[in-house]
Amino acid sequence: MTAPIRPQPGILDIALYQGGASKIEGHENPLKLSSNENPFGASPAAVEAMGRVAAEAHRYPSTDHADLRAAIGEIHGLTPEQIICGAGSDEIIHFLCQAYAGPGDEVLYTHHGFGMYRISALAAGADPVVAPEVERHVDVEALVEAISPATRLIFIANPANPTATMIATGDIARLADALPEQCLLVLDGAYAEFAEGYDGGAALVAERENVVMTRTFSKAYGLGGLRVGWGYGPQHVIDTLNRIRGPFNLSVLALAGAEAAMRDGEWVEECIAVNAVERARLVDGLRQFGIASDESFANFVLARFADEATADAADAYLKLRGIIVRAPKSYGLPHCLRITVGRPEDNTRVLNALGAFAQGMTQ
Ligand SMILES: *Cc1c(COP(=O)(O)O)cnc(C)c1O
């Protein structure tokens, strides 16, 4: 008798990733503000490019993504050789953990850090380690304190999800300076486009050997369904990640759509500009109803309620009105709701609903 087959250590500790809900019972067409998607969709040029290559779907895609990397390099002023593309930036996060962390190693992130860091760390057999935050902000000192000889990777999303807060580039540089040699800092820039004047950490990557940046087409570029993300890092890291990357990890459609989206700067700039105006309107509106939130540097707002019961009640109230937001309970924020910034008319609907809810609470 042999023992029954069992998964590798750590795998059964992974709780399935919970995506933003998209359905409400009894609502044909709910307003989905739960996944930080671009409410205006993708660039029409991207949609058109995908249509054009659909007839070529019987052909295997490029293995080296040269055209897409060239476009990213051109637009962002980066060396294409130091760029790697993945099926979403989730896949780049996964590659990093697989390549650099294993049993006995630690992967460090902060209290309200993005859920994929834990999942990818456990999938690699490594131990996830959580450092505290200060008032929903990444705390560089706490991270430095949490570094041990076993630490291999540190993940920070800047701006962060689900908190929408940001830390200064100087703070990140300080963290990079404090890293021991056996450690890589990963700057997750999924929302970098929404933070005015921020380069996602690209300049920091360029001047160091121990910092990597990840980016995505899923948020500002409106291509969450296409699954394209990318990483920019020191050559030794990119060369390492390419060894474990599947040769055909991006489809013909994904490559064509993402390249066209990257080259259509006007579309994304316009979406970002509307987001900035609407984000401010949402934050101000909430404040007027007595609902607090931190300044947002992303395309969503984290609304804070008095307690979990009030947040649950607000969530239910929105659902009754056909509006789906995200309850970030699994992120240690049970008294909050994360609301994606929608189209102007969507945000008006949210504000009307939460205004009525707040009024009901005070009566
Ligand atoms: C959405 C998100 C990602 C990744 O999304 P992909 O669709 O896999 O590119 C990464 N990090 C954070 C913090 C996110 O919110």
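Applying the stated criterion across every chain yields a total of 9 aromatic pairs. The interplanar angle of 10 degrees and the centroid separation of 4.7 Å between the aromatic rings of tyrosine 117 and phenylalanine 155 together place this pair among those described as stacked. One end of the pair, tyrosine 117, is in helix H4 (residues 115-123); the other, phenylalanine 155, is in strand S7 (residues 151-157), with 38 residues separating them in the sequence. By relative accessible area, phenylalanine 155 is classed as buried at 1%. Centre to centre, the rings of phenylalanine 305 and phenylalanine 357 are 6.4 Å apart; their planes meet at 80 degrees, and the pair counts as edge-to-face. With phenylalanine 305 in the loop between strand S11 (300-304) and helix H11 (308-320) and phenylalanine 357 in helix H12 (residues 344-362), this residue pair connects regions lying 52 residues apart in the sequence.

This brings us to the nonpolar core. The nonpolar side chains of a soluble globular protein tend to be buried, and buried together. Of all hydrophobic cores here, the largest spans 59 residues; its most connected members are Leu68, Ile154, Leu185, Phe217 and Trp230. Counting residues per element, this core draws most heavily on helix H9 (residues 252-263), which supplies 6 residues. For leucine 68, the residues in contact, after removing those within four places along its chain, are Cys85, Phe217, Val228, Leu250, Leu255, Ala258 and Glu259.

Summed over the entire model, instances satisfying the criterion amount to 0 disulfides. A disulfide-free cysteine, cysteine 85 has its sulfur positioned 19 Å from the sulfur of cysteine 97, the nearest such atom. We classify cysteine 85 as buried; its relative accessible area is 1%.

What counts as what
- Starting from 1, residues in each chain are numbered consecutively following that chain's sequence as written.
- Where local features are concerned, this predicted model is filtered to residues with pLDDT of at least 70; where side-chain atom pairs are given and counted, the filter is 80 or more; whole-chain, interface and lining totals use all residues.
- Only heavy atoms go into the side-chain values, all of them from the structure, while hydrogens and water stay out.
- The rule is short: rings of Phe, Tyr and Trp, with Trp giving its six-membered ring, pair when the centres are within 6.5 Å, and they are stacked under 30 degrees, edge-to-face over 60, tilted in between.
- Secondary structure elements follow DSSP: runs of H or I of four or more residues count as helices, runs of E of two or more count as strands, with numbering from the N terminus.
- Whether a residue is buried, partly exposed or exposed follows from its accessible area with a 1.4 Å probe, protein chains only, as a fraction of its type maximum: under 20%, in between, or over 50%, in that order.
- Among buried residues, those of type Ala, Val, Leu, Ile, Met, Phe, Trp, Tyr and Cys that are joined through side-chain atoms within 4.5 Å constitute a nonpolar core.
- Residue contacts follow a heavy-atom distance rule, with two residues in contact if any of their heavy atoms lie within 4.5 Å.
- Only a pair of cysteine sulfur atoms within 2.5 Å qualifies as a disulfide here.

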